[in-house]
Amino acid sequence: MEASVEDATETATHVAVKGEAAIKQEFLTTKDAFHGFLDSQWQGSKGEKAAENETQQQKKDPFVDEPECKKPKLDPEDVKKTEKQDKKRFRGQNKSRPHIKPTTYEEKRLCSSVIQKNGECKFGDKCIFYHDVAEYLANKPADIGERCYLYDTFGKCEYGLACRFAKAHTTAEFKTMEKAELVEAYGGKTLVKNSLSKDLQYRLRKRSVIFKKSEEYLKTLSNNKDQKEQQGNGDVCTAEVSAEPKEEIQHVSTEESLPTCPDIQPPVKTVGPLTDADVIKLRPCEKKKVDFQDKLYLAPLTTCGNLPFRRVCKRFGADITCGEMAMCTNLLQGHQSEWALLKRHESEDLFGVQVEGCFPDTMTRCAELINNYTDVDFVDINSGCPIDLVYKKGGGCGLMTRTRKFEQIIKGMNYVLDVPLTVKIRTGVQEKSNIAHKLIGEMKNWGVSMVTLHGRSREQRYTKLADWDYISTCAKLADPVPLFGNGDILSYEDAVKAKETGVSGIMIARGALIKPWIFTEIKESRHWDVSSSERLDILRDFTNFGLEHWGSDTRGVEKTRNFLLEWLSFMCRYIPVGLLERVPQKINERPPYYMGRNFLESLMASQNVDDWIRISEMLLGPVPKNFNFLPKHKANSY
């Protein structure tokens, strides 16, 4: 640690910069001294192997450099002079990042018939995988560790010889061992729900799934459209109509024709005897009730909000969890990757799924599909997604400006669901034109059970702080419907101020990625100085959950590593409480270069991709030779 002290003294004259976090003077350092210390310590602990590691070559690649320091605001005249033609080049996502599938890290795998001992392979001589165990083991990458998490937890590892921890449960005769007591204890238990069955996938692809309630609702929309056209034709030909006797054509609104209770029946045949279906029909007042009041809500986070991460947050006190945003059309087409976003772990006691779409027919059918084939406590509509791919189709934030379609989607999904329907919105599309307050009054009448408001517009993204004054105004308008506020919460003090605005609860997104123990801090009203070793244990739990979820073979290990690195691109922004000059840390403040209290703490403070890879190697072993990584989002959202 002597090197870090010397480097810290070099920066005794460090000048505070606007937008930087306030760190005690003795921990501050320079960029060169910081990276020099990390490189020397890492090579010293790992020896020549670390120096030869191919990840060192990535420093020459401009795509993996750490983000530039935050620049101070310029005068309007200076901005015009320095304005560049491509304003969006340094904003948003890394769209041109290298994307390597985990399957490429293992050219030839062991055939599943050998792993599962199913006898002869059904593909015979055409099978491209290994069937000779000795040949496979000769080409298999070295084992990562001596203990297998799956074997120790569940008594057996379903990946057998393909497991990257196979030594822990393999005999000299290449037989896979089992722990009978643990196998019996977990026998028959379903730890993860909402998986897509092969039968349902086949029927979805063949379009043979029947959406009875959706068709009832969509028929009312079709009838309303026909009636409007008839009424319009009647207005055009008033002279001819007045000469002939005719029945009065009445305009029927969507709300009046919506078959939501026994008193308002759908336009279907109702002649005949009274059946059980007529008597036991579910009314809106009988739908499942969920108590959202004063709950801590982990936001649905694309890429990073996966099931292993939600399990970590659940252990730290998150009350509500929600799956990542899923495209309704992909769910209806039976895409396995999209259905994976709906999976629910048994520890998630209050769980919902978030869907995105822009048309009433697909969204209503998707809601009925989720209602009939998954186990969820609520369904959330994403009308806050700002990305161009979604917005330009009319989804995400686009729904906020298409109120007619938005109304039809909400009412249709409400009609087919037996669980509450919630909506996540932003303040608006344009930065200085808030429209959420207008929508909230309408959504109360449309039947929404809860609204979540992110205090920023689509145009604004993360360039300014969330507008909690506006959220407070909307919370009063939403009453008695619960309204959750979202934006810039990174400490329990931020949470206390947020609750004072009158919201029913708070949603936490980036704050949970930077420090997942924020839920504990809020519930216990304290600042928690989490040590580097404790943070490494949290990451180790995540990797174990990842190996359980994605697999402990090479493919599963590299998939876990990829999601771990995505998370580390946010977690590196955390500054330990003991190093701060002023507590708490603010989410919009970029940390300057500083030395931690030990090497691991300094390593975790690095915003360089190479250092994130080093942390992953501590938990998941060396990266493959052709490994390459760039985070999905650029680190400009401070």
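Conventions adopted
- Residue indices begin from 1 for each chain and proceed along its sequence in written order.
- Per-residue local features are limited, in this predicted model, to residues with pLDDT of at least 70; the limit for side-chain atom pairs, both in listing and counting, is 80 or more; totals at the level of whole chains, interfaces and linings are taken over all residues.
- The side-chain numbers reported here are obtained from all heavy atoms of the structure, hydrogens and water having been left aside.
- Helix numbering and strand numbering both begin at the N terminus, where a helix is a DSSP run of H or I of at least 4 residues and a strand a DSSP run of E of at least 2.
- By definition, residues are in contact when any of their heavy atoms lie within 4.5 Å.
- Salt bridge criterion: a side-chain nitrogen from Lys or Arg within 4 Å of a carboxyl oxygen from Asp or Glu.
- The buried label applies to any residue whose accessible area, calculated with a 1.4 Å probe on protein chains only, is under 20% of its type's maximum; exposed applies above 50%, and partly exposed to all values in between.
- Side-chain atoms within 4.5 Å are what join buried Ala, Val, Leu, Ile, Met, Phe, Trp, Tyr and Cys residues into a set we call a nonpolar core.
- Two aromatic rings, drawn from Phe, Tyr or Trp (for Trp, its six-membered ring), form a pair once their centres lie within 6.5 Å of each other, and the interplanar angle then sorts them: stacked below 30 degrees, edge-to-face above 60, tilted otherwise.
- Look at NZ for Lys and CZ for Arg. If either is within 6 Å of the ring centre and within 35 degrees of the ring normal, a charge sits over the ring.
- When the sulfur atoms of two cysteines come within 2.5 Å, that pair is taken as a disulfide.
- The pairing criterion for strands is at least two bridges between them, as found by DSSP.
- Convention used here: a crossover is right-handed provided that the path from the first strand, over the helix, to the second strand proceeds clockwise when the strands point away from the viewer.
- UniProt positions are given in the numbering used here, feature names are shortened, and annotations may be inferred rather than shown by experiment.
- This arc is built from the directions going out from the helix axis to the C-beta atoms.

(A) Up close: the environment of proline 360. By secondary structure assignment, the location of proline 360 is in helix α17 (residues 360–373). With 139 residues separating them in the primary sequence, proline 360 and leucine 221 have C-alpha atoms 9.4 Å apart. Non-local contacts of proline 360, meaning those with residues more than four positions away in its chain, are made with Leu218, Leu221, Lys405, Gln408 and Ile409.

(B) Focus on the pattern of salt bridges. Summed over the entire model, instances satisfying the criterion amount to 33 salt bridges. Across the pair arginine 510 and aspartate 488 runs a salt bridge, and its minimum N-O distance is 3.2 Å. With arginine 510 in helix α23 (residues 510–514) and aspartate 488 in the loop between β10 (483–486) and α22 (492–499), the pair connects residues that are 22 residues apart, well separated along the chain. Residue arginine 510 is classed as buried on the basis of its relative accessible area of 8%. You can call aspartate 488 buried: its relative accessible area is 16%. Arginine 561 is paired through a salt bridge with glutamate 558; the nearest N and O atoms lie 2.9 Å apart. Highlighted residues: arginine 561 and glutamate 558, both in helix α26 (residues 554–571), separated by 3 residues, approximately one helical turn. We note that arginine 561, like glutamate 558, is buried.

(C) Molecular detail of the nonpolar core. Within the largest apolar cluster, 154 residues are counted, with the highest numbers of intra-cluster contacts made by Val379, Ile381, Met413, Met443, Leu483, Ile506 and Trp567. Apart from the residues lying within four places of it in its own chain, the contact partners of isoleucine 381 are Val355, Met363, Leu399, Phe406, Ile409, Ile410, Met413, Leu421, Thr422, Val423 and Lys424. Counting residues in hydrophobic clusters, the runner-up holds 6 residues, among them Leu110, Tyr130, Val133 and Tyr136.

(D) Structural view of unusual backbone geometry. A cis amide bond links aspartate 479 with the next residue in sequence, proline 480, at an omega value of 10 degrees. Checked against the element boundaries, proline 480 lands in the loop between α21 (468–478) and β10. Proline 584 follows valine 583 through a cis peptide bond whose omega is 5 degrees. Position of proline 584 among the secondary structure elements: in the loop between α26 and α27 (599–604).

(E) Fine view of the packing of aromatic side chains. Applying the stated criterion to the full structure yields 14 aromatic pairs. With a centroid separation of 5.9 Å and an interplanar angle of 80 degrees, the aromatic rings of tyrosine 297 and phenylalanine 484 are classed as edge-to-face. In this pair, tyrosine 297 is assigned in strand β2 (residues 296–298) and phenylalanine 484 in strand β10, connecting sequence segments 187 residues apart. Judged by its relative accessible area of 0%, tyrosine 297 falls in the buried class. Under the relative-accessibility criterion, phenylalanine 484 is labelled buried at 0%. Aromatic pair phenylalanine 406 and tryptophan 446: ring centres 6.0 Å apart, planes at 65 degrees, arrangement edge-to-face. Remark: tryptophan 446 occurs in helix α20 (residues 436–446) and phenylalanine 406 occurs in helix α19 (residues 403–416); sequence separation between them is 40 residues. Taking the relative accessible area as the measure of exposure, phenylalanine 406 reaches 0% and is therefore buried. Here the basic side chain of arginine 402 rests over the ring of phenylalanine 359, its NZ or CZ set 5.9 Å away from the ring centre. Between the NZ or CZ atom of arginine 561 and the centre of the ring of phenylalanine 627, over which it lies, the distance is 5.9 Å.

(F) Representation of the state of the cysteines. A complete count under the given rule lists 0 disulfides for this structure. For cysteine 121, which is in no disulfide, the shortest distance to another cysteine sulfur is to cysteine 111 and amounts to 3.7 Å. Note on cysteine 163: no disulfide assigned, nearest cysteine sulfur contributed by cysteine 157 at a separation of 3.8 Å. With a relative accessible area of 0%, cysteine 163 lands in the buried category.

(G) Spatial organisation of the pairing of strand β7 (residues 378–383). Along β7, 6 of the 6 residues are buried, which leaves the element largely enclosed by surrounding structure. Of the two faces of β7, the one holding Phe378, Asp380 and Asn382 and the one holding Val379, Ile381 and Ser383 are both buried throughout. Two strands pair when backbone bridges link them, and strand β6 (residues 351–356) and β7 are joined in this way by 4 bridges, in the parallel orientation. The residue of β7 that forms the bridge with valine 353 is valine 379. Of the crossover connections in this fold, the one passing from β6 over α17 to the parallel β7 is right-handed. As defined by bridge partners, β7 adjoins strand β8 (residues 421–426) across 5 bridges and the pair is classed as parallel.

(H) Local environment of the UniProt feature "domain: C3H1-type" (unreviewed entry) in the chain. The positions that UniProt labels "domain: C3H1-type" (unreviewed entry) are, in the present scheme, residues 105–134 and 147–172. Across residues 147–172 one finds 23% helix and 0% strand; the C-alpha atoms that close the span lie 16 Å apart.

(I) Just α20, in detail. For α20, the set of buried residues is Ala436, Leu439, Ile440, Met443 and Trp446. End-on view of α20: buried residues confined to an arc of 115 degrees, all on one side of the axis. Summarising the geometry of α20, the exposed residues directed more than 90 degrees from the buried face are Lys438 and Asn445. One or two steps after α20, the chain reaches glycine 447, where phi turns positive at roughly 105 degrees.

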